[in-house]
Amino acid sequence: GLAERIDAAIGALGYARTRRFDPDAVRVALRGDKKRLRGRQRWILPMAVGRMQEVDDITDDELAGAMRHIHAEGA
């Protein structure tokens, strides 16, 4: 339900909720991200409304799978 609530809030504010992107461009951009530390990408993930969690143990395979899922939803 959290993803749906976030989508609803974004839509209510008038923003487009499209998820079309180039996964390769995302990977290239992440290599230069300022949150990258000692070769690991830090992520701030929404866990619940008002609660975030910082993680840095997302594997490249997990990232690729997430991008495939997100990209497929926006197609």
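Relevant structure appears above.
Residues numbered from 1 in each chain as written. Predicted model: local features only at pLDDT ≥ 70, side-chain atom pairs only at ≥ 80, totals over all residues. Heavy atoms only, no water.

The next point concerns the overall build of the protein. For the protein, the count of helices and strands is three helices and four strands. In the protein, the succession of α and β elements from N to C terminus is α-α-β-β-β-β-α. With respect to the three principal axes, the spread of C-alpha positions in the protein is 40 × 30 × 20 Å. Look at the contacts in the protein between residues 6 or more apart in sequence, and 40% of them connect residues 24 or more apart. (Helix = DSSP H or I, 4+ residues; strand = E, 2+ residues; numbered from the N terminus. Contact = heavy atoms within 4.5 Å.)

Note that Gln41 resides in strand β2 (residues 40–41). A residue is classified by how much of its surface remains accessible, and Gln41, at 10% relative accessible area, is buried. C-alpha of Gln41 to C-alpha of Arg68: the two residues are 27 residues apart in sequence and 18 Å apart in space. (Buried < 20%, exposed > 50% of the residue type's maximum accessible area, 1.4 Å probe, protein only.)

Attention now moves to the pattern of salt bridges. Applying the stated criterion to the full structure yields two salt bridges. A salt bridge links Arg27 to Asp24; the shortest N-O distance between them is 2.6 Å. Remark: Asp24 and Arg27 occur in helix α2 (residues 23–31); sequence separation between them is three residues, near one turn of the helix. The salt bridge partner of Glu54 is Arg42, with a shortest N-O separation of 3.3 Å. Pair noted here: Glu54 is in strand β4 (residues 51–55) and Arg42 is in the loop between β2 and β3 (43–48), with a separation of 12 residues, a long-range link. Assessed through its relative accessible area of 49%, Glu54 is described here as partly exposed. (Salt bridge = Lys/Arg side-chain N within 4 Å of Asp/Glu carboxyl O.)

On to the pairing of β3, then. By the bridge criterion, five bridges tie β3 to β4 in an arrangement that is antiparallel. Paired with Pro46 across the bridge in β4 is Met52. (Pairing = 2+ DSSP bridges.)

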